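Spelled out, the chains give:
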4 protein chains.
Amino acid sequence: MKKLKRFGVSMNENLLKKFDDFIKKQKYKNRSEAIRDLIREKFVEEEWEKGKNVAGCIVIVYEHNIREIVNKITDIQHMFSKNIISTQHIHMDEENCMEIIAMKGNLKKIKELYFTLKSLKGVKYSSIIKSTIGKTLK
Amino acid sequence: MKKLKRFGVSMNENLLKKFDDFIKKQKYKNRSEAIRDLIREKFVEEEWEKGKNVAGCIVIVYEHNIREIVNKITDIQHMFSKNIISTQHIHMDEENCMEIIAMKGNLKKIKELYFTLKSLKGVKYSSIIKSTIGKTLK
Amino acid sequence: MKKLKRFGVSMNENLLKKFDDFIKKQKYKNRSEAIRDLIREKFVEEEWEKGKNVAGCIVIVYEHNIREIVNKITDIQHMFSKNIISTQHIHMDEENCMEIIAMKGNLKKIKELYFTLKSLKGVKYSSIIKSTIGKTLK
Amino acid sequence: MKKLKRFGVSMNENLLKKFDDFIKKQKYKNRSEAIRDLIREKFVEEEWEKGKNVAGCIVIVYEHNIREIVNKITDIQHMFSKNIISTQHIHMDEENCMEIIAMKGNLKKIKELYFTLKSLKGVKYSSIIKSTIGKTLK
């Protein structure tokens with residue numbers, strides 16, 4: 001069972017008013033929820049700086065009719081099967097596919113997979129997004 | 001059928017040597033592939049600045065045993081069903097879930113969904129990643 | 001005279017412990033100061049999204065012995081003199097100069113100056129940094 | 001004397017057309033200059049990942065009438081005088097100052113200075129910008 005703690009924050013009136021506008025715009029229920037979110041964002045950045053046990057996603061967009069690209073992407077993912085949690089495949093249009101690969105583990109390994117996919121002929125765009133295994137944010 | 005064009009690039013020896021090291025490290029097959037990737041990255045940034053017809057993913061990490069959170073997340077996604085392509089759900093551990101939502105459409109709408117999910121009690125981390133519908137990168 | 005307000009924030013014990021470690025590492029005097037900083041960061045991002053009355057710096061690194069580059073950089077800065085507050089020049093080594101240009105005004109104008117400098121032959125690196133005129137953060 | 005090398009890049013017609021539009025918009029003189037810039041950007045990122053011999057700027061915005069803040073900022077900068085190249089000070093309005101500190105050296109040291117300034121009461125905004133000592137981009 002987690003224990004809830006409470007503490008006071010001081011802020012001048014103007015800054016608080018602006019903060020309340022921000023909360024409203026971003027649909028937060030109350031100040032505590034917004035502040036907890038701001039804090040947790042920083043921790044995920046730190047997790048990734050340490051690089052030991054991160055979670056994240058790789059997104060690639062590619063043309064499926066490039067010779068052998070589908071086989072290559074499949075083979076590569078099997079080589080990294082220990083780090084890949086699951087893959088989501090989207091047929092964007094006649095030519096383009098988007099594939100989203102959820103990963104966890106060592107950042108070095110995740111980057112190796114990222115570079116391997118990114119450099120394939122036919123992969124037109126690739127991007128990596130930070131997430132977290134969640135444990136550190138309790 | 002796409003037509004291939006060729007043009008020359010000049011670079012001093014040192015910079016070219018460094019570029020070749022970079023290519024090797026990032027596993028590119030040749031200089032052209034690496035340069036095409038550098039160029040396409042800029043275009044996706046521009047697509048998102050225009051904000052008209054983008055593609056991307058939202059990642060959230062949440063605790064599934066927070067009261068009503070699963071229902072709320074489902075309801076919200078149905079409200080944005082025109083923009084959501086598909087969703088991938090991962091059970092990280094006993095407490096934490098990761099959900100990856102592939103989206104396309106107007107950036108304003110995507111951000112609205114993002115803020116709505118991000119502000120839910122129980123959502124501990126959220127992040128948004130740029131991708132592309134691919135058409136512009138042919 | 002600014003009026004100070006105070007409000008309560010609730011957080012579970014673990015998250016608060018981690019937050020206190022973060023505060024210590026980043027040398028904040030107390031939780032309020034850290035939270036105010038997290039909040040103000042978001043406002044500067046919003047200022048730049050609106051783009052109307054921003055402040056920031058452009059940093060360029062260039063080789064001063066490239067033909068005419070010093071004159072060109074000076075001429076360009078005079079063309080944008082309404083937006084440039086001041087310029088700091090550093091002789092990095094025999095070949096390289098770093099120039100830091102503090103700017104304020106419309107984001108569109110700032111970007112125009114940035115692209116004009118960035119594209120000059122001899123400018124080897126350029127970067128733009130967000131800051132604020134400060135008024136909105138009172 | 002630096003030796004200039006030349007190599008060919010292949011690209012399909014559509015991508016090249018888009019690239020030429022990008023070049024025009026960003027005011028580059030020719031394709032080579034634009035490509036060299038894209039490449040050098042990546043190298044500065046790598047320099048900062050290594051963290052050994054970087055250059056950069058710290059920007060802070062603060063209210064000068066907060067008790068002792070001017071003295072504190074001066075004292076801190078003297079403690080880091082080995083890493084600080086020079087400082088540019090701007091009086092934004094009656095209340096707000098912007099100070100831009102050009103730095104070089106070890107990233108760890110630069111971050112330490114950054115956190116020390118950022119956490120001061122009265123410092124309302126702070127930001128750090130990557131630059132380069134230039135040597136690696138020849």
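Residues numbered from 1 in each chain as written. Chains lettered and ligands numbered in written order. Predicted model: local features only at pLDDT ≥ 70, side-chain atom pairs only at ≥ 80, totals over all residues.

Visitor: With reference to specific residues and values, describe the overall build of chain A.
Guide: The helix and strand tally for chain A stands at four helices and five strands. Along chain A, helices (α) and strands (β) appear in the sequence β-α-α-β-α-β-β-α-β when read from the amino end. Taken over the C-alpha trace, chain A has a radius of gyration of 20 Å; the compact-globule value for 138 residues is 14 Å, which it surpasses by more than 25%. By its C-alpha atoms, chain A is 60 × 30 × 25 Å across when sized along the principal axes. Classification of the 138 residues of chain A by burial places 40% in the buried group. (Helix = DSSP H or I, 4+ residues; strand = E, 2+ residues; numbered from the N terminus. Rg over C-alpha atoms; globule rule 2.2 N^0.38 Å. Buried ≥ 20, exposed ≤ 12 C-beta atoms within 10 Å, placed from the backbone.)

Visitor: Could you give me a rundown of the interface of chain C and chain D, with the residues and numbers involved?
Guide: Tallying the contact residues gives 38 residues for chain C and 39 residues for chain D. Within the residue set of the side of chain C that touches chain D, elements represented by two or more residues are helix 2 (31-50), strand 2 (54-63), strand 3 (84-91), strand 4 (96-105), helix 4 (107-118) and strand 5 (123-131) of chain C. When grouped by side-chain class, the residues that make up the side of chain C that touches chain D number 17 nonpolar, ten polar and eleven charged. (Contact = placed C-beta atoms within 7 Å. Nonpolar A, V, L, I, M, F, W, Y, C, P; charged D, E, K, R; others polar.)

Visitor: Just give me the short version of the relation of the copies chain B and chain A, but keep the residues and values in it.
Guide: Mapping chain B onto chain A calls for a rotation angle of 180° and an axial translation of 0.0 Å; the resulting RMSD is 0.0 Å. A rotation of that kind, with that shift, is consistent with a two-fold axis. Same-surface contact between copies: 100% of interface residues of chain B are shared with the interface of chain A. (Least-squares fit on C-alpha atoms with pLDDT ≥ 70 in both.)

Visitor: Lay out the nonpolar core in plain terms, naming residues and giving numbers.
Guide: When a protein is soluble and globular, its nonpolar side chains tend to lie buried together. Residues A:Cys57, A:Ile58, B:Cys57 and B:Ile58 are the most contacted members of the largest nonpolar core, which totals 56 residues. If you list the elements that add at least two residues to this core, you get strand 2 (54-63), strand 4 (96-105), helix 4 (107-118) and strand 5 (123-131) of chain A together with strand 2 (54-63), strand 4 (96-105), helix 4 (107-118) and strand 5 (123-131) of chain B. Residues within four places of B:Ile58 in sequence aside, it is in contact with B:Ile101, B:Met103, B:Leu113, B:Tyr114, B:Leu117, B:Ser126 and B:Ile128. Counting 53 residues, the second largest nonpolar core, distinct from the first, contains C:Ile58, C:Ala102, D:Val54 and D:Ile100. (Core = buried A, V, L, I, M, F, W, Y, C linked by C-beta atoms within 7 Å.)

Visitor: Can you tell me about the interface of chain B and chain A, naming the residues and giving the values?
Guide: Frequently, the measure chosen for interface size is the accessible area removed from exposure when the parts meet. Each partner contributes to the interface: chain B provides 38 residues, whereas chain A provides 38 residues. Among the elements of the structure, helix 2 (31-50), strand 2, strand 3 (84-91), strand 4, helix 4 and strand 5 of chain B are those that each provide at least two residues to the side of chain B that touches chain A. Residue contributions to the side of chain B that touches chain A peak at six residues, all from strand 5 of chain B. For the side of chain B that touches chain A, the class distribution of residues is 17 nonpolar, ten polar and eleven charged.

Visitor: If you had to explain the relation of the copies chain C and chain D to someone new, which residues and values would you point to?
Guide: Mapping chain C onto chain D leaves a residual RMSD of 0.0 Å; the transformation is a rotation of 180° accompanied by 0.0 Å of translation along its axis. Of all interface residues in chain C, 100% are interface residues in chain D too; the two copies therefore contact each other through one and the same surface.

Visitor: How would you explain the domain arrangement of chain A if you had to name every residue and give the values?
Guide: Residues and elements named next belong to chain A. Per the domain assignment, the segments of chain A are domain 1 (13-50) and domain 2 (54-137). Distance between the C-alpha centres of domain 1 and domain 2: 30 Å. Taken together, the contacts link five residues of domain 1 with six residues of domain 2. Among the residues forming the side of domain 1 that touches domain 2, the class breakdown is three nonpolar, no polar and two charged. (Domains from an automatic or database assignment.)

Visitor: Provide a residue-level description of the pairing of strand 2 of chain A, including the pertinent values.
Guide: Residue and element names in this part refer to chain A. Counting buried positions over the ten residues of strand 2 gives nine, a clear majority of the element. In terms of strand pairing, strand 2 meets strand 4 through ten bridges, oriented antiparallel. In the sheet register, Ile60 faces strand 4, and the bridge partner there is Glu99. With eight bridges joining them, strand 2 and strand 5 adopt antiparallel strand pairing. Bridge pairing links Tyr62 to Val123 in strand 5. (Pairing = 2+ DSSP bridges.)

Visitor: Would you mind going over the sheet that holds strand 2 of chain B in detail, with residue names and values included?
Guide: Residue and element names in this part refer to chain B. If you walk across this open sheet you meet the four strands as 3-4-2-5, and the pairing is antiparallel. Edge positions in the sheet fall to strand 3 and strand 5, since each of these pairs with one other strand and no more. Strand-to-strand twist of the sheet, defined as the mean angle between neighbouring strand axes without regard to direction, takes the value 15°. This element, helix 4, spans strand 2, strand 4 and strand 5 of the sheet and lies at about 5° to strand 2. (Axes fitted to C-alpha atoms, helices over the stretch in contact; angles between N-to-C directions.)

Visitor: Run through the packing of helix 2 (residues 31-50) of chain A against helix 1 (residues 13-25) of chain C, naming residues and quoting values.
Guide: Packed helix pairs are specified by the crossing angle of their axes together with the interaxial distance, meaning the distance between the axes. Taken N-terminus to C-terminus, the directions of helix 2 of chain A and helix 1 of chain C make an angle of 65°; their axes are 11 Å apart at the nearest point. Judged by the twist between their axes, the crossing of helix 2 of chain A over helix 1 of chain C is left-handed. Every residue of helix 1 of chain C that contacts helix 2 of chain A at A:Arg36, A:Ile39, A:Lys42 and A:Phe43 is listed here: C:Leu15, C:Lys18, C:Phe19 and C:Phe22. When grouped by side-chain class, the residues that make up the contact of helix 2 of chain A with helix 1 of chain C number five nonpolar, no polar and three charged. (Left-handed = near helix turned anticlockwise from the far one by under 90°.)

Visitor: Describe the sheet that holds strand 5 of chain A, listing the residues and the values that go with them.
Guide: All names here are of chain A. Strand order in this open sheet of four strands is 3-4-2-5, and the pairing throughout is antiparallel. Bordering the open sheet on either side are strand 3 (84-91) and strand 5, each of which pairs with just one other strand. Taken over all neighbouring pairs, the strand axes of this sheet differ in orientation by 15° on average, direction set aside.

Visitor: Got a sec to walk through helix 2 of chain A? Specific residues and values, please.
Guide: Taking 1.5 Å of rise per residue, the 20 residues of helix 2 of chain A would be expected to cover 28 Å, and the 30 Å separating its terminal C-alpha atoms lies within 8% of that figure. Taken as a whole, helix 2 of chain A has its buried residues at A:Arg31, A:Glu33, A:Ala34, A:Ile35, A:Arg36, A:Ile39, A:Arg40, A:Val44 and A:Glu47. (Expected span 1.5 Å × (residues − 1).)

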